[in-house]
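One letter stands for each residue in the lines below.
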Amino acid sequence: MWLLKILISLPLLTLFVMFLVQNNELVALWPIPDLEIAVSVVYFVLFCLGYVFGRLAAWSAYAPLRTKLKKQKKEHKILSKEHEKLNHEHEKLNQQMTTLQEEVDNDASKVTFSLNKKIKSWFAKPSAEDK
């Protein structure tokens, strides 16, 4: 973006300086008739005033945008802290879930249920003690 600004403003500035150099005749200013000044100085002063007023106008026009950006930055900071806290809580809960899952797996390995054994026990001959 800065390169585009330079590519546009450099030729315009060169043309403006060439115009100022060629217009060196003296003129009397309107409010003070005794004061004579070069036209190039008048144009240069008007150019500088226009630049300053343009920058001030741009600065004041973007004031609402700057306030909105500040507000969004504050909200982003708050949401980022909340996200960090929730992420930490999620990690804790995930750790608890894995420990509970390991406990369940350990308990399941102790109590083994085998459908094959159950079916065999249904069809097995009764022992002498059962009679």
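Note: the structure precedes this text.
This one's a predicted model, so the numbers in the text were calculated from it and none came from an experiment. (Residues numbered from 1 in each chain as written. Predicted model: local features only at pLDDT ≥ 70, side-chain atom pairs only at ≥ 80, totals over all residues. Heavy atoms only, no water.)

On to the overall build of the chain. Within the chain one finds four helices and two strands. Along the chain, helices and strands appear, N-terminal first, in the series α-β-β-α-α-α. Relative to the globule expectation of 14 Å for 131 residues, the C-alpha radius of gyration of the chain, 43 Å, shows a markedly less compact shape. Oriented by its inertia axes, the alpha-carbon framework of the chain measures out at about 140 × 30 × 15 Å. Looking at the 131 residues of the chain, the share that counts as buried comes to 3%. Carbon and sulfur atoms make up 66% of the accessible area of the chain, which totals about 12800 Å². Across the chain, the 18 positively charged side chains and the 14 negatively charged ones have centroids separated by 5 Å. (Helix = DSSP H or I, 4+ residues; strand = E, 2+ residues; numbered from the N terminus. Rg over C-alpha atoms; globule rule 2.2 N^0.38 Å. Buried < 20%, exposed > 50% of the residue type's maximum accessible area, 1.4 Å probe, protein only. Areas by Shrake-Rupley, 256 points an atom, 1.4 Å probe, with all protein chains shown as cover. Lys, Arg positive; Asp, Glu negative; His and termini not counted. Charge placed at Lys NZ, Arg CZ, Asp CG, Glu CD.)

This part takes up a negative patch on the surface. On the surface, E102, E103, D105 and D107 cluster together into a patch of negative charge. Looking at the element boundaries, D107 is found in helix 3 (residues 63-110). (Patch = residues over 30% accessible without salt bridge, like charges linked within 9 Å, V, L, I, M, F, W, Y side chains within 5 Å. Salt bridge = Lys/Arg side-chain N within 4 Å of Asp/Glu carboxyl O.)

To continue, consider the environment of S114. You can see S114 is positioned in the loop between helix 3 and helix 4 (115-123). Classification of S114 by relative accessible area gives partly exposed; the value is 28%. Spatially, the C-alpha atom of S114 lies 41 Å from that of H88, the residues being 26 residues apart in sequence.

The geometry of helix 1 (residues 2-22) relative to helix 2 (residues 39-61) is characterised by a closest axis approach of 9 Å and an angle of 150 degrees between their N-to-C directions. Judged by residue contacts, L13, F16, F19 and L20 of helix 1 engage S40, Y43, F44 and F47 from helix 2. Grouping the amino acids of the contact of helix 1 with helix 2 by side-chain chemistry returns seven nonpolar, one polar and no charged. (Axes fitted to C-alpha atoms, helices over the stretch in contact; angles between N-to-C directions. Contact = heavy atoms within 4.5 Å. Nonpolar A, V, L, I, M, F, W, Y, C, P; charged D, E, K, R; others polar.)

To continue, consider a positive patch on the surface. The grouping of R66, K70, K73 and K74 at the surface amounts to a positive patch. By the element assignment, R66 lies in helix 3. A relative accessible area of 31% places R66 in the partly exposed class.

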